[in-house]
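Here's the letter readout for the chains.
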Amino acid sequence: MHQVRQGVLGFQPAFQLGEINRATTATSHCFARSLASKASKAEKASEQDKKDISKVEDPFDAPTYNIPEKPVTFTEGASYSLIILAGLGVALAAGYAVFKELIFQPKEYKIYGKALDKVQNDSRVRIRIGAPITGYGQESRNRAARQQIPKRIWTDENGVEHVEVNFYIRGPHGHGKVFTEMFMDEDKQWKFTYLFVEIRSPPGVDPILVESYVPA
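Here the structure is a predicted model, which means the values were calculated and not measured.

How each quantity is defined
- Residues numbered from 1 in each chain as written.
- Predicted model: local features only at pLDDT ≥ 70, side-chain atom pairs only at ≥ 80, totals over all residues.
- Heavy atoms only, no water.
- Pairing = 2+ DSSP bridges.
- Helix = DSSP H or I, 4+ residues; strand = E, 2+ residues; numbered from the N terminus.
- Salt bridge = Lys/Arg side-chain N within 4 Å of Asp/Glu carboxyl O.
- Buried < 20%, exposed > 50% of the residue type's maximum accessible area, 1.4 Å probe, protein only.
- Phe/Tyr/Trp six-rings, centres within 6.5 Å; stacked < 30°, edge-to-face > 60°.
- Patch = residues over 30% accessible without salt bridge, like charges linked within 9 Å, V, L, I, M, F, W, Y side chains within 5 Å.
- Areas by Shrake-Rupley, 256 points an atom, 1.4 Å probe, with all protein chains shown as cover.
- Polar contact = N/O pair within 3.5 Å; in protein donor to acceptor, adjacent residues only side chain to side chain.
- Contact = heavy atoms within 4.5 Å.
- Expected span 1.5 Å × (residues − 1).
- Arc of directions from axis to C-beta.

1. Description of the pairing of strand β6 (residues 208–212)
Sheet topology places strand β5 (residues 190–201) next to β6; four bridges connect them, and they run antiparallel. Opposite Y194, over in β6, you have S212 as the bridge partner. Taking the residues that link successive antiparallel strands as the turn, the β5-β6 hairpin has six residues, and the phi of G204 there is positive, at about 80°.

2. Section: the pattern of salt bridges
Per the counting criterion, the structure on display carries eight salt bridges. A salt bridge links K151 to E108, with the nearest nitrogen and oxygen atoms 4.0 Å apart. Remark: E108 occurs in helix α3 (residues 107–120) and K151 occurs in strand β2 (residues 151–155); sequence separation between them is 43 residues. Residue classification places E108 among the buried residues on the basis of a relative accessible area of 10%.

3. Things to note about the packing of aromatic side chains
Any two aromatic rings considered together are summarised by their centre-to-centre distance and by the angle between their planes. As enumerated under the stated definition, the model contains five aromatic pairs in all. Pairing Y136 with Y168 gives two aromatic rings, centres 5.9 Å apart and planes at 15°, and the pair type is stacked. Taken as a pair, Y136 in strand β1 (residues 134–136) and Y168 in strand β3 (residues 161–171) lie far apart in primary sequence, 32 residues in all. Considered together, Y136 and Y168 belong to a single accessibility category, that of buried residues. Ring centres of F179 and F196 lie 5.2 Å apart, and the angle between their planes is 20°; this geometry places the pair in the stacked category. Here F196 lies in strand β5 and F179 lies in strand β4 (residues 174–184), a separation of 17 residues in the sequence. The partly exposed category is assigned to F179, whose relative accessible area is 22%. With relative accessibility at 28%, the residue F196 sits in the partly exposed group.

4. Regarding a nonpolar patch on the surface
On the surface, L82, I84, L85 and L88 cluster together to form a nonpolar patch covering roughly 430 Å² of accessible area. As for its placement among the helices and strands, L88 is situated in helix α2 (residues 74–102).

5. A short note on the side chain of D122
Following the sequence through the fold, D122 ends up in the loop between α3 and α4 (123–129). Polar side-chain contacts of D122 include one of 3.0 Å to the backbone nitrogen of R124. Once residues lying within four places of it in the same chain are set aside, the contact partners of D122 are I208 and V210.

6. Side note on the environment of M182
If you trace the backbone, M182 turns up in strand β4. What makes M182 buried here is its relative accessible area of 1%. Each C-alpha atom, one on M182 and one on Y213, is 9.1 Å from the other, the two residues being 31 residues apart in sequence. Among all residues touching M182, those that are not within four sequence positions of it are I111, K114, E161, H162, V163, W190, K191, F192 and T193.

7. Observations concerning α3
With 14 residues, α3 ought to run about 20 Å at 1.5 Å a step, and its terminal C-alpha atoms sit 20 Å apart, in line with that. The complete set of buried residues in α3 reads E108, I111, Y112, A115, L116 and V119. Buried residues in α3, looked at end-on, bunch into an arc of 130°, giving them a common side. Those residues of α3 that are buried are in contact with α4, β1, β2, β3, β4 and β5.

8. Section: the pairing of β4
In summary, the side chains of a regular strand alternate between the two faces of the sheet. Here β4 lies mainly inside the structure; eight of its eleven residues are buried. As judged from the ten bridges shared by β3 and β4, these two strands associate in the antiparallel manner. Residue pairing across strands places E164 opposite E181, the latter belonging to β4. Hairpin connection of β3 to β4: two residues between the antiparallel strands. Pairing analysis gives ten bridges linking β4 to β5, with the strands arranged antiparallel. Within the sheet, the bridge partner assigned to F183 lies in β5 and is K191. The antiparallel pairing of β4 with β5 creates a hairpin that spans five residues between the two strands, and K188 there sits at a positive phi of about 60°.

In structure tokens, the structure reads:
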């Protein structure tokens, strides 16, 4: 009987130890499941927050195609086209004028340039009216009129072309008027028939003959 009691007493701690182990294992499993559940919920909440944040629109990033545009009517479109064509026309006209002036310079301007160069370098004229000497077409404040050079162009009986021009000159001490005629020789070179200056101020000065044609 004593032996049976000792066996029962020895069996009881072992049984209790097994129960404790089973309880501890069950508790661990429950704690693990609880942590996993909380982690899953936290992850889902984070993803939901990200989705909510992505749905918030930045007013400064709004696409420009959402801005309503005023439709262009046919009349406005035609007006814009006319304005563009008019601008192109003015630009082409100005370009042609410059091109014509530089490349196809009128004969009277060539004669004017040659004559003015001769007058500016003549010491007798420089003494009377001073230097520098400027030239212009007409006595006017209008710039366009001052640029117009009076001319006469004709061809003689021998087929030789002549150009006659006159223009005004002015220096620091006086002014005058230039009369000249040039013709084109057989070598297609312009030569002076005559070139003289009429000094109008100071008064009392005889005309100055600058150039004259002397046949070879």
